[in-house]
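The lines below spell out each chain.
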Amino acid sequence: MRYIISDIHGEYELLMRLLESISFSEGDVLYVCGDMIDKGGGSVRVLDFLLNEPNVRCIQGNHELSFLNYAEAELARRGGDYSAAQRHIGALFSPRENLPLDEQTFRKLQSLPFFAEEEDFICVHAGLPLDGDGHIVPPSAVRVPFIVQDRNFMRPEVVPRDSKCVCFGHTPVRFISGRDEILAYRRNGARGDGISSYYKVHLDTGVYLSGVLGCFCADDGRSFYVRRQP
Ligand SMILES: [Mn+2]
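What counts as what
- Residues numbered from 1 in each chain as written.
- Predicted model: local features only at pLDDT ≥ 70, side-chain atom pairs only at ≥ 80, totals over all residues.
- Helix = DSSP H or I, 4+ residues; strand = E, 2+ residues; numbered from the N terminus.
- Rg over C-alpha atoms; globule rule 2.2 N^0.38 Å.
- Buried ≥ 20, exposed ≤ 12 C-beta atoms within 10 Å, placed from the backbone.
- Contact = placed C-beta atoms within 7 Å.
- Pairing = 2+ DSSP bridges.
- Axes fitted to C-alpha atoms, helices over the stretch in contact; angles between N-to-C directions.
- Right-handed = clockwise from strand over helix to strand, strands pointing away.
- Core = buried A, V, L, I, M, F, W, Y, C linked by C-beta atoms within 7 Å.
- Parallel < 35°, antiparallel > 145°, perpendicular 65-115°, else oblique.
- Left-handed = near helix turned anticlockwise from the far one by under 90°.
- Nonpolar A, V, L, I, M, F, W, Y, C, P; charged D, E, K, R; others polar.
- Arc of directions from axis to C-beta.

Engineer: Looking at this structure, I do not really get the overall build of the chain. What am I missing?
Structural biologist: Counting its secondary structure elements, the chain contains eight helices and 10 strands. In terms of C-alpha radius of gyration, the chain reaches 17 Å, essentially the compact-globule figure of 17 Å for 230 residues. Dimensions of the chain along its principal axes, counting C-alpha atoms only, are 60 × 40 × 35 Å. Counting across all 230 residues of the chain, residues that qualify as buried make up 39%. Counted over contacts in the chain with a minimum sequence separation of 6, partners at least 24 positions apart contribute 72%.

Engineer: Where do I start with the sheet that holds strand S2 (residues 29-32) in this structure?
Structural biologist: In a beta sheet, neighbouring strands are held together by backbone hydrogen bonds and run either parallel or antiparallel to one another. Strand order in the open sheet formed by five strands is S3-S2-S1-S9-S10, with mixed pairing between adjacent strands. Two strands in the sheet have a free side with no partner beyond their single neighbour: strand S3 (56-58) and strand S10 (223-227). In this sheet, adjacent strand axes meet at a mean angle of 20 degrees when their direction is disregarded. Against the sheet, helix H1 (residues 12-21) touches strand S9 (212-217) and S10, its axis set at about 135 degrees to S10.

Engineer: How do you make sense of the pairing of S2 when you look at a structure like this?
Structural biologist: Where a strand is regular, its side chains alternate between the two sheet faces. As paired elements, strand S1 (residues 2-5) and S2 share four bridges and run parallel to each other. The residue bridging isoleucine 5 from the neighbouring strand is valine 32, located in S2. Chirality of the crossover, the property in question, places the unit of S1, H1 and S2 among those that are right-handed.

Engineer: Just checking my understanding: could you explain the environment of tyrosine 82 for this structure?
Structural biologist: Note on placement: tyrosine 82 falls in helix H4 (residues 82-90). C-alpha separation for the pair tyrosine 82 and glutamate 103, spaced 21 residues apart in sequence, amounts to 6.7 Å.

Engineer: Would you explain the nonpolar core in this entry?
Structural biologist: The nonpolar side chains of a soluble globular protein tend to be buried with one another. Counting 62 residues, the largest nonpolar core has Ile4, Cys33, Cys123, Val124 and Cys167 as the members making the most contacts within it. Not counting the four nearest positions on each side in its chain, valine 124 is found in contact with Cys33, Phe115, Pro139, Ile147, Val166 and Phe168.

Engineer: Whenever I open this one, the packing of helix H3 (residues 62-77) against H4 confuses me. Can you help?
Structural biologist: In a pair of packed helices, the angle between the axes and the distance between the axes together describe the arrangement. Contact geometry of H3 with H4 gives a least axis separation of 9 Å together with a crossing angle of 140 degrees. Here H3 is positioned oblique relative to H4, judged by the angle of their axes. Seen from above, H3 lies across H4 with right-handed handedness. Here Ala71, Glu74 and Leu75 of H3 come into contact with H4, specifically with Tyr82, Ala85, His88 and Ile89. Split into classes, the residues belonging to the contact of H3 with H4 amount to five nonpolar, one polar and one charged.

Engineer: What am I meant to see in the sheet that holds strand S8 (residues 198-202) here?
Structural biologist: The five strands lie next to each other as S4-S5-S6-S8-S7, forming an open sheet whose pairing is mixed. At either end of the open sheet lies a strand with only one pairing partner, and these are strand S4 (116-117) and strand S7 (183-186). Pairing analysis gives two bridges linking S4 to strand S5 (residues 121-123), with the strands arranged antiparallel. Paired with alanine 116 across the strands is cysteine 123, a residue of S5.

Engineer: When you look at H1 in this model, what are you seeing that I'm missing?
Structural biologist: One turn of an α-helix holds 3.6 residues; hence residues three or four places apart share an orientation. Within the sequence span of H1, burial applies to Tyr12, Leu14, Leu15, Leu18 and Leu19. The buried side chains of H1 occupy one side of the element, clustering within an arc of 165 degrees when seen end-on. Every exposed residue of H1 that faces more than 90 degrees away from the buried side is listed here: Glu20 and Ser21. In this structure, the buried side of H1 is in contact with helix H2 (43-52), helix H8 (207-210), S9 and S10. Following H1 by one or two positions, serine 23 adopts a phi angle in the positive range, close to 50 degrees.

Given below as structure tokens:
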């Protein structure tokens, strides 16, 4: 099965519990719509896991983009010597975690794309612009700041008229629906269960506010959640 998630924000334990709850295994693929890091206490472990797992496809969100801007400046200040910069780079994450981000994982993070596209869906972090006919502008033609920071695409009245579903996060769904649940916009007259039966899927359950982390199955349209234990 193909699963899609967004805005994990350093919640390593919740991510592990979520993958366990869906019995995530070799035959599955997980798509991650950015903002894997910051806020929660497990950013390094989240990156170590996601970027080194063969069946996980990640894209950058605004948090990865700004982390890399800072980290690349630290690196340049030390003549590109990663081991000299590593302590300063690690200090960007929660000090409680206190784990080094290894260079190989850092290089993988630097090379992450800003969108992932499949036959039936496109993943971006925040959104895509629509043209005058309500079709999405192809992600390869959209500027990076827009794709990771947009706040228009999340509005319920913005409905892309394309055959591919657009999956995104960035803004907690609760600010739209009042609920900490994935918001999937079903196509008028859609019959199937797969993701092509949806216009767009808003995935950010605002885990740092709600304690809820969820993912969406692109093949059967089901949502799965885990909750932080009190
Ligand atoms: Mn974001």
